[in-house]
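Observations on the three-dimensional arrangement
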There are 2 protein chains.
Amino acid sequence: MNRKEFRDLASPEAAREAIDSLPLEAGVERVPLAEARGRVLAERLDAELDVPGFDRASLDGYALRARETFGADEAAPARLEVIGEVHAGDAPDVTLEDRAAVEISTGAVMPSGADAMVPVERTDIDDETGEVLVRTSVAPGDNVMFAGADVAAGERALGPGTQITPRDVGLLSALGVEELPVRASPRIGIVSTGDELVRPGGDLESHRGEIYDVNSYTIAAGVEDAGGEAVLYPHAGDDQDEMERLLREAAEECDLVLSSGSTSASAVDVIYRVIEAQGELLLHGVAVKPGKPMLVGRLDDDESGSAGSTSGGSAYVGLPGYPVSAMMVFRTFVAPAIRDAAGLPEPETATVTGRMARQERYAEGRLRLMPVGMTTDGDGEPLVYPVDKGSGATTSLAHADGVVEVEPGTDYLETGEPVTVRLFSPDVRPPTLLGVGEDDPTLSRLLDSLENPRYLSVGSRPALRRLRDGIPDVAVVAGPLERDVDADELARWEREWGLLVRPDEADEVSGLTDLVDRDLRFVNRTTDSGLRTSLGVALADLADDRGVDRHDLVESIEGFDLAVRAHESPARKVLAGDADVALGLSDTADRLDLAFVSLGHQPVRVLANPDRRGKVGVRDLERVLDSVTELAE
Amino acid sequence: MNRKEFRDLASPEAAREAIDSLPLEAGVERVPLAEARGRVLAERLDAELDVPGFDRASLDGYALRARETFGADEAAPARLEVIGEVHAGDAPDVTLEDRAAVEISTGAVMPSGADAMVPVERTDIDDETGEVLVRTSVAPGDNVMFAGADVAAGERALGPGTQITPRDVGLLSALGVEELPVRASPRIGIVSTGDELVRPGGDLESHRGEIYDVNSYTIAAGVEDAGGEAVLYPHAGDDQDEMERLLREAAEECDLVLSSGSTSASAVDVIYRVIEAQGELLLHGVAVKPGKPMLVGRLDDDESGSAGSTSGGSAYVGLPGYPVSAMMVFRTFVAPAIRDAAGLPEPETATVTGRMARQERYAEGRLRLMPVGMTTDGDGEPLVYPVDKGSGATTSLAHADGVVEVEPGTDYLETGEPVTVRLFSPDVRPPTLLGVGEDDPTLSRLLDSLENPRYLSVGSRPALRRLRDGIPDVAVVAGPLERDVDADELARWEREWGLLVRPDEADEVSGLTDLVDRDLRFVNRTTDSGLRTSLGVALADLADDRGVDRHDLVESIEGFDLAVRAHESPARKVLAGDADVALGLSDTADRLDLAFVSLGHQPVRVLANPDRRGKVGVRDLERVLDSVTELAE
């Protein structure tokens, strides 16, 4: 094969074109009507029959000839002989003659000779003669639905490309369609590699650097969102032969193979080798951020052999390994191609416009796919803020609502600048409430009773900074407030904090002095945390009492600098035997069955941006907070 | 039981309250993560572990102590001994000492003693000593993602009620969640009754008044759209014992039983009897149009017995029989309750606003649920028009985009009056092009190449009227234009029309004179059709030739008044042996293998509303028409 050299990064447009050039269509399959909802019709369907298939009575009453009723009214009814009856589901066994009527039920076949019907409410029966008295006049066709009036045989029923909704199921039912030709879902194989990856549910050995495989299930869900069928292949590790076997198997069984992620160079080598042996590499490296190391190519069947053949085999896209990068590249480049192959339209409400909540600097020569969250300001206008925990973070996307594409050459997105957000899906509903701050068990319970809140556990100090920047609606701050903030305090409660130790060592620790004076391994929280602030104050007090320098006191605590961001992580380190004493809450001790040495109580304050008090989400929060505050009093 | 008497119709609000009072929740079930997309989380999930679970190198390079690099730069590198290496998936087997570094790959565990790392690009190896030369200085924490920095153990991960998107699958994967508690889908049993109903795919005996069962599959699709699980029960006919058995079985197995539609009084009797024996009727009759005959009640389990018990058994709603009525009532009253029980939010883009395209009269004391179609005017503003083929029509909904609720006491909706349309689903995309007019095979093929057109086969004459009313973008008119219209002709082609006969009778018919002079059973088209107009002109010419009155000529044709609306229906009647001669197109004769006697050619004109020429759909149509016109030239 003619392996191409890629000296420069391809443009995003070239990447799109390369992917669009790959044949992903999976053909046509027939599905039963009962399973057709959401599928895409592969060809036009014309009506094969009239609906209704016969002239049909629209009401209960009498079938007759309209001209027999001319001039009839309440006072001077037409008098007709009832010569038979027809029920729905019966074939009429009578033909209408002069001065005659036939009793008929809704939906029944109009008997031969009848051209109209009169509803039973406008008639009486003459008890003596049994004749029907018709107290109104009707015109030919009145109260009759003629054959084909609903749908006519030969009429265009549904066009190719129609995505079947319940309405269409109704039309197809009426036409008696049992099964229909729909676009087959493209099969998308997902191969993830890397010795360090463990499928969710498996046992994780963190000390060996194992992490859960995020990309496989996430991309599979994205594939299904885009109308594809996801096929997960077993996790290959970095064994080259096994990887090669998997790639070839996936290429045979699927329309597109997506690989993501080994961080080892050997995985890339294997992919190159397979593509070289059996396919074509179209593109390597794209000028986007994230997503630079993207590969686009084709894997041919063993049988079809020669490179350049488009029959058999499968398309191939190599996604970056970091989950956020992988998903951004998947959504931007791959999902549209899958949707197109599945025949699904671009979702209607795919984009919304909002203003940047704060300035964002960007000065790089690549298109940036910036994940953003959305909220609303006090006037209900959409605000957009970047969401990024760094490229290694797996979960930034969980707090993002969509993507803003930042053009290369942009230096800054200014505060208030309007930007277009491509939502992850039309179902995305920006949160009703955006809160940031301290992890707190009471708060977490409160949030459960709100509809669609978003809460980012950034710690107390960063929460105050973000509140000043005007992004969140509320900040939740624990411990002493170190500076004034321009915010409304919606609620305040107390929580007990202290030291957490294993129950069998509970006798060993009775207070802060043990931590300072004895040889115990401690786990601290980061300075972001309100717990850390309270600990600092307590240590300063102890230093004052002893007349020593606070710094010396701190130096004597083994692990004081071993600070973790996570609310429960110190306690979990104690549980695991990696430390003796952890900083934490009484609540956490209860939950994890640890012993607790109280060092005091600290306030937790819910502070609101004064401009956002009118938001529904903030008002709902206030209501929930009130009920709790009342309970506490 | 205390059967209630319903003298008055209940208000729509009372009907909503009655349905809301029925317990539809199906509880909680656990699903594997791979199947969680779209499901609704039943309870809050907190992180059970730190992500990452260890301090993690963000790049390939060297782990070291930051302080060893202080002051280092390109010119004066720090020189450190490389004492080992750590790869992703390995446990470090080395502890950092003074003046030492450890080679580390992206994603690997930071070795004990290291507090930062330097990317390989900023280093060199001294070939002689093997030492690494670090050409930059780093701060503690640089290029390291600390344990819990992504998600911290104990952190609130997802709140109850979260509908799982691919983003959430990513977060749950990172947390190693194997399965999760989600709201179980409420099971909705669907029982349809009526001797005249045949399941799609079955053989239809139209002469007996049989019709395909539209409601079962349509409501099932609506149930699934709303997040329920549809359970279709076999079709019961009007056998009372069988129906009773089915209703009881459904009540035992489902959370809600929906019955729809027998038109026979006996079905309603059975339902009353079952509810009387075993449940409670909450409501009978609602002041809505359509939907008056709605029933709301509860069916208890055989075991649970007494009326008024909410345990066991199922809720019950009786829908009207006519498909359009059934779906309108289902969408308005039942679907929200199912969605609520499934924990799904009301779709975000459920309503849009548009202006009425024409005046609509309504003067009734009931809330009207008016199915409407949508299009856009020349300025792209949404226009709304009522869609109604009469209450017996099964298919009006297929041409509708949503519902306008018209309050009782409204006399008129004026042309241009703004109305709120509740869309059938957020996926509803109003058509890009709204066309009305004659059924024509050439046109039907052309429409196949447009994206999302809507074409209503109303015939030529009604098409011109609607074009004048300003609703459609284009009208397609066949035959001579009988009056001037203010429209732009986009294209015109000819089609051949004439008489269709069975091949074995082809010798019997050679022209219009046979139809007039011989004893043949004819099937005509309605006066809406351009074919009928052309036939009328041809007969008038023949009458002139013969010097007779056109009326006498027409009288001598048996079946001249047997006019059907449907494009192919006349030909199909000939095929079925119900008639000898049909009015039709040469195209239809070809398709159905009938013999064709040409009576001439007639023009088909595509006429556009001049104000709509700028619409994308109209421009696309013009492009397609141009290609066809060129081919024809």
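Residues numbered from 1 in each chain as written. Chains lettered and ligands numbered in written order. Predicted model: local features only at pLDDT ≥ 70, side-chain atom pairs only at ≥ 80, totals over all residues. Heavy atoms only, no water.

By the naming in an unreviewed UniProt entry, chain A goes by Molybdopterin biosynthesis protein MoeA / Periplasmic molybdate-binding domain and is assigned to Natrarchaeobaculum sulfurireducens. Among the UniProt annotations of chain A, the heading Pathway (unreviewed entry) holds the following wording: "Cofactor biosynthesis; molybdopterin biosynthesis." (UniProt positions renumbered as here; feature names shortened; annotations may be inferred.)

1. A short note on the side chain of A:Arg525
Tracing the chain through its elements places A:Arg525 in strand E33 (residues 522-525). Within the buried set, A:Arg525 has no salt-bridge partner at all; the shortest N-O distance to an opposite charge, 4.8 Å, is to A:Glu438. (Helix = DSSP H or I, 4+ residues; strand = E, 2+ residues; numbered from the N terminus. Buried < 20%, exposed > 50% of the residue type's maximum accessible area, 1.4 Å probe, protein only. Lys, Arg positive; Asp, Glu negative; His and termini not counted. Salt bridge = Lys/Arg side-chain N within 4 Å of Asp/Glu carboxyl O.)

2. A few points about helix H2 (residues 166-174) of chain A
Along H2(A), nine of the nine residues are buried, which leaves the element largely enclosed by surrounding structure. Buried residues of H2(A): A:Pro166, A:Arg167, A:Asp168, A:Val169, A:Gly170, A:Leu171, A:Leu172, A:Ser173 and A:Ala174, and no others.

3. Overview of the interface of chain A and chain B
Facing the 97 residues of chain A at the interface are 97 residues of chain B. Of the roughly 8200 Å² buried where chain A meets chain B, counting both sides, 53% is carbon and sulfur surface. If you sort the residues of chain A by the area they bury against chain B, A:Arg37, A:Arg156 and A:Arg167 come out on top, with a joint share of 9%. Here chain A is connected to chain B by twelve salt bridges. One salt bridge in this structure joins B:Arg37 and A:Asp225, with 2.4 Å as the shortest N-O distance. Linking chain A to chain B there are 30 residue pairs in polar contact (both at pLDDT 80 or more). Of all elements in the fold, only H2, strand E15 (211-212), helix H3 (215-225), helix H6 (323-342), helix H7 (441-447), strand E30 (453-456) and helix H12 (569-575) of chain A reach the threshold of two or more residues within the side of chain A that touches chain B. (Contact = heavy atoms within 4.5 Å. Buried area = accessible area lost by both parts, 1.4 Å probe. Polar contact = N/O pair within 3.5 Å; in protein donor to acceptor, adjacent residues only side chain to side chain.)

4. Things to note about the sheet that holds strand E13 (residues 187-192) of chain A
Sheet strands pair via backbone hydrogen bonds, and the direction of the pair is either parallel or antiparallel. All names here are of chain A. In space, the six strands of this open sheet follow the order E16-E13-E17-E21-E20-E18, with mixed pairing throughout. The sheet is open, and its two edges are formed by strand E16 (229-232) and strand E18 (279-284), each paired on a single side. For this sheet the average axis-to-axis angle between neighbouring strands, irrespective of direction, equals 20°. Looking at chain direction, E13 and E16 are connected through four bridges and run parallel. Residue pairing across strands places Arg-187 opposite Glu-229, the latter belonging to E16. Contacts from H3 reach E13, E16, strand E17 (256-260) and strand E21 (314-319) within the one sheet, and its direction differs from that of E16 by about 160°. The strands that helix H4 (residues 240-253) touches are E13, E17, strand E20 (295-299) and E21; relative to E17, the one it contacts most, it runs at about 150°. (Pairing = 2+ DSSP bridges. Axes fitted to C-alpha atoms, helices over the stretch in contact; angles between N-to-C directions.)

5. Examining H4(A)
Residue and element names in this part refer to chain A. With 14 residues, H4 extends 20 Å from end C-alpha to end C-alpha; this agrees with the ideal 20 Å at 1.5 Å per step. Within H4, burial applies to Met-243, Glu-244, Leu-246, Leu-247, Ala-250 and Ala-251. Taken down its axis, H4 places every buried residue within 165° of arc, on the same side. (Expected span 1.5 Å × (residues − 1). Arc of directions from axis to C-beta.)

6. Points about the pattern of salt bridges
Side chains that differ in sign of charge can pair as their charged atoms come close. According to the stated counting rule, one finds 88 salt bridges over all chains in the structure shown. Across the salt bridge formed by B:Glu438 and B:Arg495, the nearest N and O atoms sit 3.0 Å from each other. In this pair, B:Glu438 sits in the loop between strand E29 (433-437) and helix H7 (441-448) while B:Arg495 sits in strand E32 (residues 488-501), placing the two residues 57 residues apart along the sequence. Here B:Glu438 and B:Arg495 have matching classes, each one buried. Across the pair B:Glu489 and B:Arg492 runs a salt bridge whose closest N-O atoms are separated by 3.0 Å. Since its relative accessible area comes to 38%, B:Glu489 is described here as partly exposed. B:Arg492 gets classed as partly exposed once you look at its relative accessible area, which sits at 43%. In the salt-bridge network here, residues are joined through shared partners; they are A:Arg44, A:Asp46, A:Arg156 and B:Asp448.

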